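Structure assessment
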Amino acid sequence: MEGLCWLLRNPKAPLKACVAIPLALQARTCFEDENSGLRRASMELFGHLSNFVSKKSSLFGAEVEKSMETLLIHLQDEDPLVAQVCRVVLLRCAPFLSCQPLRTLMRSQLAEGAAPPSLPS
């Protein structure tokens with residue numbers, strides 16, 4: 001996963017949305033892993049994938065909405081790096097939420113104690 005994250009840090013990477021959606025689905029399966037490094041890498045990958053799909057993508061939006069509960073819980077992860085990545089991923093993925101008031105709430109609440117605007121390297 002870390003190799004994919006490294007590759008996807010370049011927004012010009014040749015990745016199509018039709019590949020990003022299945023990768024997002026696979027990344028989500030590791031959000032609850034007991035290995036904090038794997039949790040962090042899977043969340044980071046999920047966040048990077050948001051750069052490769054249209055904000056109007058209902059498929060990626062559905063993956064974001066399915067991930068919200070887990071991502072919100074991991075804002076309090078015992079590993080501070082996981083919590084930081086989680087905050088950035090939530091900010092990146094907020095535009096994919098179908099509910100405008102929820103998008104606004106996410107941005108305002110997460111921006112107050114926000115992590116840097118990019119994922120840690």
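The following refers to the structure shown. All values derive from a computational prediction rather than experimental measurement.

1. Digging into the overall build of the protein chain
On a plain count of helices and strands, the protein chain comes out with six helices and zero strands. Residues counted as buried form 45% of the 121 residues belonging to the protein chain. Within the protein chain, residue pairs in contact and separated by at least 24 positions form 67% of the contacts whose partners lie at least 6 positions apart. For the protein chain, the exposed surface amounts to about 6,600 Å²; the carbon and sulfur share of it is 58%.

2. Section: helix α4 (residues 58-73)
Structural remark: α-helix, 3.6 residues per turn; residues separated by three or four positions point the same way. Counted at 1.5 Å a residue, the expected span for α4 with its 16 residues is 22 Å, and the 23 Å between its end C-alpha atoms agrees. In the structure, α4 departs most strongly from a straight axis at serine 67, where the bend amounts to approximately 45°.

3. Considerations on the environment of glutamate 65
Here glutamate 65 is to be found in helix α4. Along the sequence, glutamate 65 and serine 98 sit 33 residues apart, while their C-alpha atoms lie 8.4 Å from each other. Those residues in contact with glutamate 65 that sit more than four places away from it in its chain are Phe96, Leu97 and Ser98.

4. Quick word on the packing of helix α3 (residues 36-49) against α4
Their axes nearest at 12 Å, the elements α3 and α4 cross at an angle of 145°. The two elements α3 and α4 cross, and the hand of that crossing is left-handed. On α4, the residues touching Met43, Phe46 and Leu49 of α3 are Phe60, Glu63, Val64, Ser67 and Leu71. Its residues assigned to classes, the contact of α3 with α4 comprises six nonpolar, one polar and one charged.

Thresholds applied
- Residues numbered from 1 in each chain as written.
- Predicted model: local features only at pLDDT ≥ 70, side-chain atom pairs only at ≥ 80, totals over all residues.
- Heavy atoms only, no water.
- Helix = DSSP H or I, 4+ residues; strand = E, 2+ residues; numbered from the N terminus.
- Buried < 20%, exposed > 50% of the residue type's maximum accessible area, 1.4 Å probe, protein only.
- Contact = heavy atoms within 4.5 Å.
- Areas by Shrake-Rupley, 256 points an atom, 1.4 Å probe, with all protein chains shown as cover.
- Expected span 1.5 Å × (residues − 1).
- Bend = angle between axes of the 7 residues up to and from the residue.
- Axes fitted to C-alpha atoms, helices over the stretch in contact; angles between N-to-C directions.
- Left-handed = near helix turned anticlockwise from the far one by under 90°.
- Nonpolar A, V, L, I, M, F, W, Y, C, P; charged D, E, K, R; others polar.

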